[in-house]
Amino acid sequence: MNQTDTTDTPISMDDLMALCKRRGFIYQASEIYGGINGFWDYGPLGAQLKRNLADAWWNDVIMMGCSGRTGPNGKPVRIVPLDTCIIQNPKVWEASGHVGGFNDPMVDCRETKSRYRADHLMVLREAGASEGRGYAFMENDEEQLARAMKLLGKYLRKDIAESDVSVTPLVSLPKEQIADLVGPGVKDPGTLTEPRAFNLMFKTYIGATATEDDVAYLRPETAQGIFINFKNVIDTMRVRVPFGIANIGTSFRNEVTPRNFTFRSREFEQMECEFFCHPSESREWYEFWRDYRMDWWESIGLKGDNLRLREHDEDELAHYAKEGAGTADVEYRYPFTYPDFGELEGVADRANFDLTSHQTASRAKMEFFDQERNERYVPHCIEPAAGLSRGVLAVLCEAYTPDPNRPSKVFMKFHPRLAPIKAAVFPLVNKEGMPEIAEKLHADLHQRFGRRGFVELDVKQNIGKRYARMDEAGTPFCFTIDGDTSSDHAVTVRHRDTLEQERIGLDAVGEWLEGKLGG
RNA sequence: GCGGGUGUAGUUCAGUGGUAGAACGUCAGCUUCCCAAGCUGAAUGUCGCCGGUUCGACUCCGGUCACCCGCUCCA
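Computed from a prediction, not measured in an experiment: that's the story for all the values here.

Novice: How should I be thinking about the overall build of chain A in this particular structure?
Specialist: The helix and strand tally for chain A stands at 15 helices and 27 strands. Along the three orthogonal principal directions, the C-alpha set of chain A runs to about 100 × 60 × 55 Å. Looking at chain A as a whole, 50% of its 519 residues are labelled buried. Summing over all exposed atoms, chain A offers an accessible surface of approximately 25000 Å²; the carbon and sulfur share of this is 47%. Across chain A, 64 positive and 81 negative side-chain charges occur, with their mean positions spaced 3 Å apart.

Below is the structure:
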């Protein structure tokens, strides 16, 4: 059992955020101007950490085809990369359903301060009544319905049965009737606002004139860029179904309430893949991706009780997920969701919803002619959509390990592959030839590993302080040159997680580190 | 968007109607042969921002921004 498994209280987000600031992982965006809600900047170590995570995904998923796994068809998995624009023709978002879906009208209650999705509110009235007093309740909420029945009976001064009432959607009522409604949990009418749209897509204007004709949207997901290029990729890359197209990119959502550090930001990065397959094979590919993605997150360090795979219930399937098809979330138990879990990645069987929508809207053929089957069809699609920003956050949360027995009181237990600082080189004392050996070793290691992360050289202050700094930065290994090095040509390796030390040859350090870093 | 809370050096926090401190960290020097030790010295804040009251505000009032908690939302 490792330390994570025995954790029964979450770490403090305040402490984690303080460390992120202190050590240069994440800063509040526009901090010197008072900040800006929902945006975060990555500092030097955070930027490298994020890049390492993105590289791990890019290399494993795309270049190595699911880490070299064999697909359910017994063959290697083929994935090609793509990089598409943040701004696309607005018709893309109409076809994808985002313009509609992102404009959900909401109703606020002035009394209870609650907010409801207008299309989820139902109105209970006396049968046959088309106006006057009504009682609003959330659909499928038995408790609210029972209360509404009781209040309506009281208002009408009679016992009522189900046959005495009618239920109509709130959105079907004329606006002026909203004032006659009694909201959930309220006694008197008039507390509900008219339905108002909250657009979650950032709007902008193309060209300098900025009229409504020039409206465009910042993408709320990278997936649509893949779907609209499906035909291009098919026509130019000699790919055959089954295959996947994947990309990493920034997306924007004008969240009502950005919260929980970087978890719900207005600007964030995604790592998405759309994997196309024959409709008859979608189930097995779904299961393949679901399991692979879970394993992948474990492989980069999110092990133990804080990570889980959760299949969705039927009633929470998204609009694009086909009946009975799979949708699963890889979830992480963030400190702010504890003891619950929050989304890290969604794996969904989207059937042919997206390609068909774009085919209908654009009239471009989204079909694939399958030589082997001698069949023409619109492929089904399995979508593993991961949050890069959320991945970084989960990695930070998982790495944060309090340890009262060490000087820093806390260390960041990054997987060596993700650690922004790969190694540090210290002369035990800053004299007697040690600094010179340290400089040489540092130069060698930097030459060899500098593309993967920082290699630090630190000669100042006592060795304890230097180790402590590296603990907070999450450096997995420190190499220390001491008085014996010049004669025995060996250095001491200090392991971050165990504090253990071992002696290895000066010339063997590069190979040794290569074997530890992974990736 | 609503309600509550918070906002002082990099971090964690004191503080008083008369223009600011501690600890730790950071930096420099000495010391130091393995875990923030010791000694000496240094830098750092228009006390979130704007406005008002006042002879004078970090301290009172208003607004605003940001963060935290709850509600809502998260396709």
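Novice: What is the right way to look at the packing of aromatic side chains in this model?
Specialist: Each aromatic ring pair is characterised by the separation of its centres together with the angle its planes make. Applying the stated criterion to the full structure yields 22 aromatic pairs. Judged by centre distance (5.3 Å) and plane angle (80 degrees), the rings of Trp285 and Phe288 are edge-to-face. Within this pair, Trp285 and its partner Phe288 are both found in helix α9 (residues 282-299), separated by three residues, close to a single helical turn. Here the two residues Trp285 and Phe288 agree in accessibility, since each one is buried. Here the aromatic residues Phe275, Trp285, Phe288, Trp289 and Tyr292 are joined through ring pairs into a cluster of three or more. Here Lys50 stacks its cationic end above the ring of Tyr42, 4.9 Å away from the centre of that ring. Note that Arg390 overlies the ring of Phe263, its terminal NZ or CZ placed 3.8 Å from the centroid.

Novice: It is not clear to me how the sheet that holds strand β23 (residues 421-427) should be interpreted in this structure. Could you clarify?
Specialist: Hydrogen bonds between backbone atoms are what pair the strands of a sheet, whose relative direction is either parallel or antiparallel. On the basis of which strands lie adjacent, the open sheet formed by five strands has the order β24-β23-β25-β26-β27 and mixed pairing. Two strands lie at the open edges of the sheet, namely β24 (454-457) and β27 (501-505), each paired on one side alone. In this sheet, neighbouring strand axes are inclined to one another by 25 degrees on average, regardless of whether the strands run parallel or antiparallel. Where β23 and β24 come together, four bridges link them in parallel fashion.

Novice: I would appreciate a short explanation of empty space enclosed by the protein in the present structure.
Specialist: Once rolled over the atoms, a probe with the size of a water molecule shows which space is left empty. Within this structure, the stated rule accounts for one cavity of 30 Å³ or more. Within this model, the largest cavity holds a volume of roughly 60 Å³. Listed by contribution, the elements that provide at least two residues to the lining of the largest cavity are β7 (134-138) and α6 (142-156). Broken down by element, the lining of the largest cavity gets its largest block of residues, four residues, from α6. Tallied by class, residues from the lining of the largest cavity come to eight nonpolar, three polar and one charged.

So, how was this worked out
- Residues numbered from 1 in each chain as written.
- Chains lettered and ligands numbered in written order.
- Predicted model: local features only at pLDDT ≥ 70, side-chain atom pairs only at ≥ 80, totals over all residues.
- Heavy atoms only, no water.
- Helix = DSSP H or I, 4+ residues; strand = E, 2+ residues; numbered from the N terminus.
- Buried < 20%, exposed > 50% of the residue type's maximum accessible area, 1.4 Å probe, protein only.
- Areas by Shrake-Rupley, 256 points an atom, 1.4 Å probe, with all protein chains shown as cover.
- Lys, Arg positive; Asp, Glu negative; His and termini not counted.
- Charge placed at Lys NZ, Arg CZ, Asp CG, Glu CD.
- Phe/Tyr/Trp six-rings, centres within 6.5 Å; stacked < 30°, edge-to-face > 60°.
- Lys NZ or Arg CZ within 6 Å of the ring centre and 35° of its normal.
- Pairing = 2+ DSSP bridges.
- Axes fitted to C-alpha atoms, helices over the stretch in contact; angles between N-to-C directions.
- 1 Å grid on protein atoms, 1.4 Å probe; cavity = no way out; pocket = protein on both sides within 12 Å on 5 of 7 lines; lining within 4 Å.
- Points joined across faces, edges and corners; volume = space filled by probe spheres on them.
- Nonpolar A, V, L, I, M, F, W, Y, C, P; charged D, E, K, R; others polar.

Interpretation in functional terms is not warranted from these geometric data alone.
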